[in-house]
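# Coordinate analysis (summary)
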Amino acid sequence: MKKIKYLALILLLINILTACSASPTSSGSTDSAVSIASNPKLEDLDYFCSTLEKKHKNLYANISKDEFEVEKKKIAEKTEEMSDSDFYYSLRHLLSIVGDAHTNLDFSDSQYKHLNALGFAVAKYSDGWHLMMLEKENEQYLGYKLLSINDMDINDVFNHAKEIMSFENEIWVETSFSNTINFRESLEYLGIIEKDEPIVLEIEDFNGEKQSLEIKSMNEQKIMSANIVSVVPKTTPITALSGIYCALPLDEECFYIQYNSCQEAPDLPMKDFVSSVSSEVKKNDYKKVIIDLRYNSGGNSRIFEPMISELLKLQKEIDFKVYTLIGKNTFSSAIINAIQIKDQLNSTLVGTPTGGNVNGYGEIKSFNLKNTPITVWYSTKYFELIEGYDKDSLYPDIYVEQSFDNYVNGVDREVEAILEIED
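Here is what the cut-offs are and how they apply
Residues numbered from 1 in each chain as written. Predicted model: local features only at pLDDT ≥ 70, side-chain atom pairs only at ≥ 80, totals over all residues. Heavy atoms only, no water. Helix = DSSP H or I, 4+ residues; strand = E, 2+ residues; numbered from the N terminus. Buried < 20%, exposed > 50% of the residue type's maximum accessible area, 1.4 Å probe, protein only. Polar contact = N/O pair within 3.5 Å; in protein donor to acceptor, adjacent residues only side chain to side chain. Contact = heavy atoms within 4.5 Å. Pairing = 2+ DSSP bridges. Axes fitted to C-alpha atoms, helices over the stretch in contact; angles between N-to-C directions. Parallel < 35°, antiparallel > 145°, perpendicular 65-115°, else oblique. Left-handed = near helix turned anticlockwise from the far one by under 90°. Nonpolar A, V, L, I, M, F, W, Y, C, P; charged D, E, K, R; others polar. Right-handed = clockwise from strand over helix to strand, strands pointing away. Patch = residues over 30% accessible without salt bridge, like charges linked within 9 Å, V, L, I, M, F, W, Y side chains within 5 Å. Areas by Shrake-Rupley, 256 points an atom, 1.4 Å probe, with all protein chains shown as cover. Salt bridge = Lys/Arg side-chain N within 4 Å of Asp/Glu carboxyl O. Lys, Arg positive; Asp, Glu negative; His and termini not counted. Charge placed at Lys NZ, Arg CZ, Asp CG, Glu CD. Arc of directions from axis to C-beta. Phe/Tyr/Trp six-rings, centres within 6.5 Å; stacked < 30°, edge-to-face > 60°.

Right, let's get into the side chain of threonine 372. Here threonine 372 is to be found in the loop between β17 (359–368) and β18 (374–384). Judged by relative accessible area, threonine 372 falls into the buried class, the value being 4%. At a separation of 2.6 Å, a polar atom in the side chain of threonine 372 contacts the side chain of aspartate 44. Sequence-distant contacts of threonine 372, defined by excluding residues within four places in its chain, comprise Lys41, Asp44, Asp84 and Phe87.

Our next topic: the sheet that holds strand β15 (residues 321–326). Taken in spatial order, the six strands make up an open sheet running β12-β13-β14-β15-β16-β19, and their pairing is mixed. What marks the edges here is a single partner per strand, and that holds for β12 (245–249) and β19 (398–399). Pairing of β15 with strand β16 (residues 348–351), which is carried by four bridges, proceeds in the parallel orientation. Across the sheet, tyrosine 323 pairs through a bridge with threonine 348, a residue of β16.

Let's shift gears to the sheet that holds β17. Overall, antiparallel pairing links the three strands, which are arranged β2-β18-β17 in an open sheet. At either margin of the open sheet sits one strand with a lone partner, and together these are β2 (104–107) and β17. Here the average twist between neighbouring strands, direction ignored, is 25 degrees. Two elements, β2 and β18, share four bridges in a ladder whose sense is antiparallel. Considered in β18, the bridge of aspartate 106 is made with threonine 375. Docked against the sheet, helix α4 (residues 84–96) engages β2 and β18, running at close to 170 degrees with respect to β2.

So, about the packing of helix α9 (residues 270–283) against helix α10 (residues 305–317). Axis separation between α9 and α10 bottoms out at 10 Å; the angle between their running directions is 20 degrees. Judged by the angle between their axes, α9 and α10 are roughly parallel. Relative to α10, α9 is oriented so that their crossing is right-handed. Residues Phe273, Val274, Val277, Ser278, Val281 and Lys282 of α9 lie in contact with α10, whose contacting residues are Pro306, Met307, Glu310 and Leu314. Class assignment for the residues of the contact of α9 with α10 results in seven nonpolar, one polar and two charged.

This paragraph deals with the pairing of β16. Burial along β16 is two-sided: the residues Thr348 and Val350 and Leu349 and Gly351 are all buried. Taken together, β15, helix α11 (residues 333–345) and β16 constitute a β-α-β crossover, and its handedness is right-handed. Where β16 lies against β19, two bridges are found, and the strand directions are parallel. Looking at β19, one finds that glycine 351 is bridged to tyrosine 399.

Our next topic: a positive patch on the surface. Together, Lys54, Lys55, Lys365 and Lys370 line one region of the surface with positive charge. Looking at the element boundaries, lysine 54 is found in helix α2 (residues 40–55).

Now for helix α5 (residues 154–161). Every buried residue of α5 is accounted for by Ile154, Val157, Phe158 and Ala161. In an axial view of α5, the angular spread of the buried residues amounts to 105 degrees, which keeps them on one side of the axis. Buried positions along α5 lie against β5 (128–135), β6 (145–149), β7 (152–153) and α6 (170–181). The distance from a side-chain oxygen at the start of α5 to the backbone nitrogen of asparagine 155 is 2.8 Å, and the residue carrying that oxygen is aspartate 153.

Across the interface, α2 lies against α4 with an axial gap of 12 Å and an inter-helix angle of 25 degrees. One finds that α2 runs roughly parallel with respect to α4. Like other packed secondary-structure pairs, α2 and α4 cross with a definite hand, here right-handed. Touching Lys41, Asp44, Leu45, Phe48, Cys49 and Leu52 of α2 are Asp84, Phe87, Leu91, Leu94 and Leu95, all from α4. Residues that form the contact of α2 with α4 fall into these classes: eight nonpolar, no polar and three charged.

Time to look at the side chain of serine 166. Inspection of the secondary structure puts serine 166 in the loop between α5 and α6. According to the relative accessible area criterion, serine 166 is buried, its value standing at 7%. Here threonine 103 takes part through its backbone oxygen, which lies 2.8 Å from a polar atom of the side chain of serine 166.

Here we take up the pairing of strand β9 (residues 210–215). Two strands pair when backbone bridges link them, and strand β8 (residues 199–204) and β9 are joined in this way by six bridges, in the antiparallel orientation. Within β9, the residue paired with leucine 201 across the bridge is leucine 213. Hairpin connection of β8 to β9: five residues between the antiparallel strands, including glycine 208 at a positive phi of 85 degrees.

A word on the packing of aromatic side chains. Evaluated as defined, the whole model comprises 20 aromatic pairs. Centroid distance tyrosine 88 to phenylalanine 107: 4.4 Å. Interplanar angle 25 degrees. Geometry classified as stacked. With a gap of 19 residues between them, tyrosine 88 in helix α4 and phenylalanine 107 in strand β2 connect regions that are remote in the sequence. Note on phenylalanine 255 and tyrosine 286: the rings are 5.4 Å apart at their centroids and 40 degrees apart in plane angle, and the pair reads as tilted. Note that phenylalanine 255 is positioned in strand β13 (residues 254–259) and tyrosine 286 in the loop between α9 and β14 (288–292), a separation of 31 residues in sequence.

This is the structure in structure tokens:
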């Protein structure tokens, strides 16, 4: 098990949404300027809604303004008694009904100044939710299944969590779920636990036996000294996450390209990376080329276009089939690249549905609230990548899902499935 010094690193487990997230809201005016002046959070609520209504590309794409105003009014009636954390989750709830995964918010200073973190993180595999991070004192429970929190079934907890999450499909909820429920205040807001009530996880060991595990709440000071351990695979596959991009042969017939963020690596310009890949493919009679976008949550979609163009040129000279790996962390510009690869290189999509959608809002900007230390991100453009596309995600042509056992044993099942295909 690997030690991690700060509990904040729990937020890195599922890879990263923040760089490409943003959130929706609405606008409206309050009854009295006097009431606003005497209530800073009411002023922030008004500013939050009015600014989003002006600046978001289409705040009311999925709901009516009337529906939004009803929820806003419920919040306004309670602002005088709200703590910063109550107000934070109330705004997150308001954004959740908008249905734009790119429109989001967070504390502009630190979450840990306002929220009490919980010493656990989970990830979903084909057989359920598994504990992936815990405090050192609970190390023996790593990898166990999480069944419930304070007697609420984990599937019900999952459905409640949607009330404070910006998302467009179930896949993105799964990706962001752990980072949503590992704060005490989020569980209190959702009614999963009572204020100051102990937090007890019901878990299941590798033999199917059920146990209880109490989780401590940690303020900012305790977080900085927390000793966190995580599940580490017994063997690391050669296709494990590595840098911004990399490439290597998997065998004599298959070449593998990993593209983890839609940006240029400072130590390896994309033009040089394209050149090295091109030389390698030309030298060898590869039958398959795999492009891995499973870890890529977006950025600038244009960065990878020279690679796609070069592979298209090579494909006309050399007879090889392209496979593109996608998954729950594939989001935003990475989806644009996946579609480009499929269309231009006749690629087969392999893996699980993407966290982001094909058609949707993006290209984010931000603003800060006046009184509460909260930054709001919002979408400024609508992207229609496939005209008339009516699904909530980009779905694979070949569905392959990783199991927890495969992860622990260093087996990359998605890549293995491609290697097993006889073209």
